[in-house]
Amino acid sequence: MIHNPYSSKKWPLPDESRTALFAQTLAKLCETLEAATPGLVVYLQGDLGAGKTSFSRAFIQTFLPGQRVKSPTYTLVETYATPVFTLYHFDLYRLCEAEELEYIGIRDLLVPPFMALIEWPSKGQGVLPKADLIMSLTRLGEGRELSLQACSELGEALLDKLGS
Ligand SMILES: Nc1ncnc2c1ncn2[C@@H]1O[C@H](COP(=O)(O)OP(=O)(O)OP(=O)(O)O)[C@@H](O)[C@H]1O
Ligand SMILES: [Mg+2]
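Residues numbered from 1 in each chain as written. Chains lettered and ligands numbered in written order. Predicted model: local features only at pLDDT ≥ 70, side-chain atom pairs only at ≥ 80, totals over all residues. Heavy atoms only, no water.

Colleague: What's the story with the packing of aromatic side chains in this structure? I'm lost.
Modeller: Describing an aromatic ring pair means giving the distance of the ring centres and the angle of the ring planes. Applying the stated criterion across every chain yields a total of seven aromatic pairs. Ring centres of W11 and F22 lie 4.9 Å apart, and the angle between their planes is 55°; on these two criteria the pair is classed as tilted. One end of the pair, W11, is in strand β1 (residues 8-13); the other, F22, is in helix α1 (residues 16-32), with eleven residues separating them in the sequence. In terms of burial, W11 and F22 fall into one category: buried. Ring plane angle 85° and centroid distance 5.1 Å describe the contact between F63 and F85, whose orientation is recorded as edge-to-face. Here F85 lies in the loop between β3 (77-81) and β4 (86-91) and F63 lies in helix α2 (residues 52-63), a separation of 22 residues in the sequence. Each of the two residues, F63 as well as F85, counts as buried. Every member of this aromatic cluster is reached through a ring pair, and the members are F55, F59, F63 and F85. (Phe/Tyr/Trp six-rings, centres within 6.5 Å; stacked < 30°, edge-to-face > 60°. Helix = DSSP H or I, 4+ residues; strand = E, 2+ residues; numbered from the N terminus. Buried < 20%, exposed > 50% of the residue type's maximum accessible area, 1.4 Å probe, protein only.)

Colleague: Can you walk me through the coordination of the magnesium ion (ligand 2) in this structure?
Modeller: Metal coordination angles have textbook ideals: 109.5 degrees for a tetrahedral set of four donors and 90 or 180 degrees for an octahedral set of six. Taken together, the protein ligands of the magnesium ion (ligand 2) are T53 (OG1) and E119 (OE), with distances of 2.0 to 2.2 Å. With a gap of 66 residues between them, T53 in helix α2 and E119 in strand β5 (residues 114-119) connect regions that are remote in the sequence. In terms of burial, T53 and E119 fall into one category: buried. (Donors = N, O, S within 2.8 Å, 3.2 Å for Na, K, Ca; no water.)

Colleague: Honestly, the pattern of salt bridges in this entry has me stumped. Any pointers?
Modeller: Pairing between side chains of opposite charge can happen when their charged atoms approach one another. Enumeration over the complete set of coordinates arrives at two salt bridges. For K70, the salt bridge goes to E78, with nearest N and O atoms at 3.4 Å. For the salt bridge of E102 with R107, the shortest nitrogen-to-oxygen distance reads 3.3 Å. Using a relative accessible area of 38% as the deciding quantity, one classes E102 as partly exposed. (Salt bridge = Lys/Arg side-chain N within 4 Å of Asp/Glu carboxyl O.)

Colleague: Looking at this structure, I do not really get the sheet that holds β3. What am I missing?
Modeller: Sheet architecture is open: seven strands sit in the order β1-β7-β6-β2-β5-β4-β3, paired in mixed fashion. Taken across any chain shown, the strands that pair with only one partner, and hence form the sheet edges, are β1 and β3. Shown here is a sheet whose adjacent strand axes are inclined to one another by a mean of 15°, direction ignored. Bridging between strand β2 (residues 40-45) and strand β6 (residues 133-140) involves four bridges; their strand directions are parallel. For L44, the partnering residue across the bridge sits in β6 and is M135. The sheet contacts of α1 involve β1, β2, β5, β6 and β7 (143-150), and relative to β1 the element is tilted by about 140°. (Pairing = 2+ DSSP bridges. Axes fitted to C-alpha atoms, helices over the stretch in contact; angles between N-to-C directions. Contact = heavy atoms within 4.5 Å.)

Spelled out as structure tokens, the structure:
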């Protein structure tokens, strides 16, 4: 196992509104952190129905209020343009092999400045860019527990600012 020198933190998210609130807080933080502008990659892990799309919707709507955000289950990726950067929302659940990402031109797509939220990143292993943050959602009673693992200096800086 590769040693990850960066930190991780956990938060309980008792209901969907807390998921949305957390997504808004992280989104605002990403916006203020200038270093985030070149390109931020967030992996979203968790079972079916864990809340990855709920999180992504609230994150995207922080930058684009009222924006309709549908799950990219069939399209693989949905793209949103903000005045300052491009937001990509991937769902790789239906990907058969990681190389398919090459066919959709992922390398040409992720041109800075961008932020990418990637559901089911395990399906794109080997082709996806490395994550700055890995978010894992697990069921906790009626709610969820969110664990955030930093994987880069940028991820660490964001995690640090999130408090506990
Ligand atoms: N913190 C929370 N506590 C309880 N329920 C939540 C919480 N966050 C989201 N939910 C609910 O859980 C469900 C999550 O569905 P969502 O589509 O976001 O899951 P997903 O992880 O994207 O699944 P998939 O892998 O199928 O894409 C929604 O019904 C939402 O209302
Ligand atoms: Mg989803």
